Amino acid sequence: MPKTQPNLYAFPSGDVLAQALRAYVIQSQNAGIERHGVFKVAVSGGSLPKTLAAALLAPSSGPGDVVDFSKWEIFFADERAVPLDHADSNYALVKAELLDKLPADQQPAAVHAIDTTHLGDIQELADQYEKTLVASFASRDSVRLPIFDLLLLGCGPDGHTCSLFPGHELLREVDAWVAPIEDSPKPPPKRITLTLPVVTHAVRVAFVATGGGKKDIMKQIFDAGAGLPCALVNEAAGDRCSWFVDEPAVEGVTFPRRAYL
Ligand SMILES: O=C(O)[C@H](O)[C@@H](O)[C@H](O)[C@H](O)COP(=O)(O)O
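These lines cover the structure that appears in this document, whether it is placed above or below. Source: prediction; values computed, not measured.

Residues in contact with the ligand amount to 14 residues; listed here are only the nearest, S44, G45, G46, S47 and G154. Along the lines of polarity and charge, the residues of the shell around the ligand split into three nonpolar, nine polar and two charged.

This is the structure:
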């Protein structure tokens, strides 16, 4: 099979980006619901939840433009080993930016937060989160990897995504679905993360990266490859991978952009 390329969509403003991201998420949501009655999506932390909220909380423009959160099963692509009400918690961030703003009849079917009784043992924290995935996706004997309908990810200034950092041994993990990390270069150091095989097997992977602070790493990811975590996802997922960026984030990037239709 010929190798496919990721889709790079660059937008003139945050508003236009949010509109396109909304259309993309709805398309993915509808496909997931058609496939198995729910939409299984995992989200990252960082700036993503805010962008996502801007995209998804906008009023519907008609019958084809409906976000049905009641069919969403939300997971965390990575999570920091902190209590759920801690300022560093990705759950707390998604809750504050998005979940708390949804009406009662639009609460998600499930929001899979980490089990904070295991904060003292992050291997156990990761193992328990993997069990949450097993319970939702099927037993590890029957499926090699869980297949998310959509992963919504950010890209760090060093090319990391989820809590998969450049040069880290976790990039070589082939067995676990969820892994602990104790030495994250981005604070806080203790986290759990989906592993690279899980990320690259999703039906769709969407990255959101905005601002001029991202342009150097975007050049490395798209024009040099360089084995960075985001580049590894691009390589393995090909055209299942879509980047929603603004113009400043891709200034000087020569990789061909696509028009979002
Ligand atoms: O919990 C985390 O730290 C994130 O999941 C991390 O992978 C994030 O998505 C990137 O660091 C990009 O963050 P920004 O969008 O804030 O640049």
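This next bit is on unusual backbone geometry. With omega at -5°, the peptide bond leading from P187 into P188 counts as cis. Positive phi values are uncommon outside glycine, yet C162 reaches one of about 50°. Position of C162 among the secondary structure elements: in the loop between β6 (150-154) and β7 (178-181). Residue classification places C162 among the buried positions, given that 29 C-beta atoms sit within 10 Å.

Listed in full, the buried residues belonging to helix α3 (residues 90-97) are N90, Y91, L93 and V94. In an axial view of α3, the angular spread of the buried residues amounts to 160°, which keeps them on one side of the axis. On the buried face of α3, the contacting elements are β2 (39-43), α2 (48-56), β3 (72-76) and β4 (78-80).

So, about the pairing of β7. Residues V178 and P180 of β7 are buried on one face, and the alternating residues A179 and I181, pointing to the opposite face, are buried as well. Where β7 and strand β8 (residues 191-194) come together, four bridges link them in antiparallel fashion. Each residue of the ladder has a partner; that of V178, found in β8, is L194.

With that settled, consider the sheet that holds strand β5 (residues 110-111). Spatially, β1-β10-β9-β6-β2-β3-β5 is the arrangement adopted by the seven strands of the open sheet, whose pairing is parallel. Each of the sheet's edge strands pairs with one partner strand only, and the pair in question is β1 (7-11) and β5. Examined bridge by bridge, β6 and strand β9 (residues 204-209) share five bridges and lie parallel to one another. Within β9, the residue paired with G154 across the bridge is V208.

Taken N-terminus to C-terminus, the directions of α2 and α3 make an angle of 25°; their axes are 9 Å apart at the nearest point. In this view, α2 runs roughly parallel relative to α3, as classed from their interaxial angle. For the pair α2 and α3, the crossing hand works out as right-handed. Contacts between α2 and α3 involve P49, K50 and A53 from the former and L93, V94 and E97 from the latter. The class makeup of the residues in the contact of α2 with α3 is four nonpolar, no polar and two charged.

Let's shift gears to the environment of E79. Relative to the helices and strands, E79 resides in strand β4. Considering only alpha carbons, one finds E79 and L194, 115 residues apart in sequence, at a separation of 9.3 Å. Those residues within four positions of E79 in sequence are excluded, and the remaining contacts are N90, Y91, I114, R191 and I192.

With that settled, consider the sheet that holds β7. Overall, antiparallel pairing links the three strands, which are arranged β4-β8-β7 in an open sheet. Looking along the sheet, the strands with just one partner apiece sit at the ends: β4 and β7. Neighbour to neighbour, the strand axes of the sheet diverge by 20° on average, direction disregarded. Along the sheet face, helix α4 (residues 122-137) touches β7 and β8 and points at about 160° away from the line of β7.

With that settled, the discussion passes to the pairing of β2. Among the five residues of β2, five are classified as buried, and the element is accordingly described as predominantly covered. Here β2 shows two buried faces, one formed by F39, V41 and V43 and the other by K40 and A42. In this structure, β2 lies alongside β3, joined through five bridges in parallel fashion. Note that in β3 the partner of V43 across the bridge is F76.

Rules used throughout
- Position numbers for residues start from 1 in each chain and track the written sequence from start to end.
- pLDDT decides what is reported in this predicted model: residues at 70 or higher carry local features, side-chain atom pairs at 80 or more are listed and counted, and totals for whole chains, interfaces and linings draw on all residues regardless.
- Whether a residue is near a molecule or strand depends on its C-beta atom, generated from backbone atoms, being within 6 Å of that molecule or strand.
- Each residue is assigned to one of three groups, with Ala, Val, Leu, Ile, Met, Phe, Trp, Tyr, Cys and Pro labelled nonpolar, Asp, Glu, Lys and Arg labelled charged, and all others, Gly among them, labelled polar.
- The numbering of helices and of strands both runs from the N terminus, where a helix is a DSSP run of H or I of at least 4 residues and a strand a run of E of at least 2.
- Partly exposed residues are those whose C-beta has more than 12 but fewer than 20 other C-beta atoms within 10 Å; 20 or more makes a residue buried and 12 or fewer makes it exposed, with C-beta atoms placed from the backbone.
- The arc refers to the directions leading from the helix axis to the C-beta atoms.
- C-beta atoms are first placed from the backbone for all residues, and any pair lying within 7 Å is then listed as a contact.
- For two strands to pair, DSSP has to find at least two bridges joining them.
- All axes here are fitted lines through C-alpha atoms, helices being fitted over the stretch that makes contact, and every angle between N-to-C directions spans 0 to 180 degrees.
- In this scheme, roughly parallel covers angles under 35 degrees and roughly antiparallel covers those over 145, while 65 to 115 is roughly perpendicular and the rest are oblique.
- Definitions for this section: a left-handed crossing has its near helix turned counterclockwise from the far helix by less than a right angle. A right-handed crossing has that turn clockwise.

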